[in-house]
Amino acid sequence: MALVSIVMPLYNGEKYLEKCIKSVISQTFTDWELIIVDDGSTDSSLCICKKFAECDPRIIVIHQENAGVSMARNNGLKSVTGKYVTFLDCDDLYTENRLEVMTSLMEKHPDCECLFSDYYELTGENTVKEDKNTDASVKIIPHSQYVDEVLLYQKLNSVWRYMLKSDIAKKISFNSLKFAEDYFYLLDYALNVKQALYTTEKLYYYRKDNNASMTRNSHSRKYLNDYRIIPMLVADYISENKLDGIRYRNKIAREYAYSSIRIRKTVGYGEFRKLMNEKEYRNGIQYAEFDKNNKLKGFLFLLVKYRIYLPYLFIRGGK
């Protein structure tokens, strides 16, 4: 049993995988287990992982038939034994002191259920886009503010930024979405958070320019159902948790605006109109309100709300 469990979903990540795993092995903190869940890779990823596992008993390799990143993370969580759990994507890297800093902060603040940090962006072949701010600070965020920040702001929506308490994390599952699955997992986790901890220290290297990543390959039909469901899920979350106020209604409006663009860029105009008119899709619109802070998103929402689809004819979309 380790103090910290690391869950890493893996699918065809051979290009960066060795460097990724080595960034864990070289941690200044050593009481960890790395749970790698191979999601049916067809390249050499599984072989690379097994070689590392043969040399280091802290590395555990699980293989599953291809079922997506959410199922991979869920299977990884089932195997977690640590007091804390954190995440890693197979094309990213840890800073050498990540686990040491995060574990120390969690131990010093036992009343905080999660910790998240800032991060570097990797561009090119492991070059780092750094800023000039080297003074790290730590902030405690109360429950209501934290829920708002996760719900309303995109910057907190990646699980790899976090260290969580395992006893809570293991009770929550990633849903079947292929797009924004982190977001809804963290929203559910946020309901269990009395206080969150945030450090400005950069403890993770996020590979921004990986051409194989989902963010670089959006507007695909395989994400179409997710594009439809996301605004409805956001509306349901806000309604079920009785979150009332203009900023929440604006959030729903923004999600419908984003959704309409994603769907239109994925399908032809005729199919787009059909999807926009589905009764189930339109249910959340009743909670939404025009977003005055973003004229473009507000305009797009009003088009969807009042079924004015002609402007979308001029957006380049799927055939």
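Just above, that's the structure.
First things first, this report covers the structure right here in the doc. (Residues numbered from 1 in each chain as written. Predicted model: local features only at pLDDT ≥ 70, side-chain atom pairs only at ≥ 80, totals over all residues. Heavy atoms only, no water.)

1. Comments concerning helix H3 (residues 69-78)
No. 1: With respect to burial, H3 is a largely interior element, 7 of its 10 residues being buried.
No. 2: Every buried residue belonging to H3 is among Ser70, Ala72, Arg73, Asn74, Asn75, Gly76 and Leu77, and all of these are buried.
No. 3: Buried residues belonging to H3 abut strand S1 (4-10), strand S2 (32-39), strand S3 (59-64), strand S4 (84-87), helix H6 (166-169) and helix H7 (181-190). (Buried < 20%, exposed > 50% of the residue type's maximum accessible area, 1.4 Å probe, protein only. Helix = DSSP H or I, 4+ residues; strand = E, 2+ residues; numbered from the N terminus. Contact = heavy atoms within 4.5 Å.)

2. Comments concerning the packing of aromatic side chains
No. 1: One pass over the full model with this rule turns up 18 aromatic pairs.
No. 2: Ring plane angle 10° and centroid distance 5.0 Å describe the contact between tryptophan 160 and tyrosine 206, whose orientation is recorded as stacked. One end of the pair, tryptophan 160, is in the loop between helix H5 (143-152) and strand S9 (162-165); the other, tyrosine 206, is in strand S10 (residues 195-207), with 46 residues separating them in the sequence. Comparing tryptophan 160 with tyrosine 206 shows no difference in burial state: the two are buried.
No. 3: An aromatic cluster of at least three residues, connected via ring pairs, comprises Tyr94, Tyr119, Trp160, Tyr204 and Tyr206.
No. 4: In this structure, arginine 207 is placed above the aromatic ring of tyrosine 16, and the distance from its NZ or CZ to the ring centre is 3.6 Å. (Phe/Tyr/Trp six-rings, centres within 6.5 Å; stacked < 30°, edge-to-face > 60°. Lys NZ or Arg CZ within 6 Å of the ring centre and 35° of its normal.)

Spatial relationships are all this shows, so hold off on functional conclusions.
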